[in-house]
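Inside the fold
Here is how the chains run, residue by residue.
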Amino acid sequence: MSKTYRLFISHSWAYSDAYDKVVNMINNQGIEFYDHSVPRHDPIHTNGTDKQLHDAIEAKMKGTSCILILAGVYASYSKWIQKEIAIARSQGKIIIAIEPWGSEKTSKIVKDNADEIVKWQASSIANAIKKWG
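Please read all numbers here as calculations on a predicted model, not as lab measurements. (Residues numbered from 1 in each chain as written. Predicted model: local features only at pLDDT ≥ 70, side-chain atom pairs only at ≥ 80, totals over all residues. Heavy atoms only, no water.)

On inspection of all chains with the given rule, the structure shows 0 aromatic pairs. The lysine or arginine in question, Lys83, covers the ring of Trp80, its NZ or CZ lying 4.5 Å from the ring centre. (Phe/Tyr/Trp six-rings, centres within 6.5 Å; stacked < 30°, edge-to-face > 60°. Lys NZ or Arg CZ within 6 Å of the ring centre and 35° of its normal.)

So, about the side chain of Ser37. One can find Ser37 in the loop between strand 2 (32-35) and helix 2 (50-62). Within the structure, the side chain of Ser37 is placed 2.7 Å from the backbone nitrogen of Ile9, a separation counted as a polar contact. Leave out the neighbours within four places in its chain, and Ser37 touches Leu7, Phe8, Ile9, Tyr19 and Lys60. (Helix = DSSP H or I, 4+ residues; strand = E, 2+ residues; numbered from the N terminus. Polar contact = N/O pair within 3.5 Å; in protein donor to acceptor, adjacent residues only side chain to side chain. Contact = heavy atoms within 4.5 Å.)

Let's shift gears to the packing of helix 2 against helix 3 (residues 79-90). Look at helix 2 against helix 3: their axes get within 10 Å of each other, and the N-to-C directions meet at 45°. Taken together, the axis directions place helix 2 and helix 3 in an arrangement best described as oblique. In this structure, the crossing between helix 2 and helix 3 has a hand that is right-handed. Contacts between helix 2 and helix 3 involve Asp50, Leu53, His54, Ile57, Glu58 and Met61 from the first element and Lys79, Trp80, Lys83, Glu84, Ile87 and Ala88 from the second. (Axes fitted to C-alpha atoms, helices over the stretch in contact; angles between N-to-C directions. Parallel < 35°, antiparallel > 145°, perpendicular 65-115°, else oblique. Left-handed = near helix turned anticlockwise from the far one by under 90°.)

Let us look at the confidence of the model for the protein chain. Looking at the protein chain, pLDDT values average 86 and 84% of them are 70 or higher. Here helix 2 stands out as the element of the protein chain with the lowest mean pLDDT, 89, in contrast to helix 5 (residues 122-132), whose mean of 97 is the highest. (pLDDT = per-residue confidence, 0-100.)

What follows deals with the nonpolar core. The biggest cluster of nonpolar side chains holds 24 residues, and the ones touching the most others in it are Val22, Ile26 and Leu68. At 6 residues, the largest contribution of residues to this core is made by helix 1 (residues 16-28). Excluding anything up to four places from it in sequence, Val22 contacts Ile9, Leu68, Leu70, Ile98 and Trp120. (Core = buried A, V, L, I, M, F, W, Y, C linked by side-chain atoms within 4.5 Å. Buried < 20%, exposed > 50% of the residue type's maximum accessible area, 1.4 Å probe, protein only.)

This part takes up helix 1. For helix 1, built from 13 residues, the straight-helix expectation of 18 Å at 1.5 Å per residue is met to within 8% by its first-to-last C-alpha distance of 18 Å. On its buried side, helix 1 packs onto strand 1 (4-10), strand 2, strand 3 (66-70), strand 4 (94-98) and helix 5. Positive backbone phi, at 80°, marks Gly30, one or two positions downstream of helix 1. (Expected span 1.5 Å × (residues − 1).)

We now examine the pattern of salt bridges. Counting across every chain of the model gives 7 salt bridges. Arg89 serves as the salt-bridge partner of Asp115, at 3.3 Å between the closest nitrogen and oxygen. Here Asp115, found in the loop between helix 4 (108-113) and strand 5 (116-118), pairs with Arg89, found in helix 3; they are 26 residues apart in sequence, far enough to count as distant. According to the relative accessible area criterion, Asp115 is partly exposed, its value standing at 34%. With a relative accessible area of 34%, Arg89 lands in the partly exposed category. (Salt bridge = Lys/Arg side-chain N within 4 Å of Asp/Glu carboxyl O.)

Put into structure tokens, the structure is as follows:
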């Protein structure tokens, strides 16, 4: 019987194509997982307060085995990725940073908080999930 991993994939909606590619890479590696993420097509509905969004993300992360963060430079400027890192750390979650394909610059904030940094490669991502998940 194969294990089903519980993952939260942190990403910017402005780069939701990268999120889709990561999901496809994980699926193509034969990893079964429950996606706790907040994809663009299924947003968290709040009345616009940061506290509501924070609490909703915290709840989504609670049941996960690890957090995957796309470590593009945009992450350095995203207040939400920084908040997601803080939530993950407060819950003792493993953080796997995924360096974008061909990227010369990646987010120092994400890399400094990652338990493991992997390249934009399906097998590397899958191995990290199996190791930490």
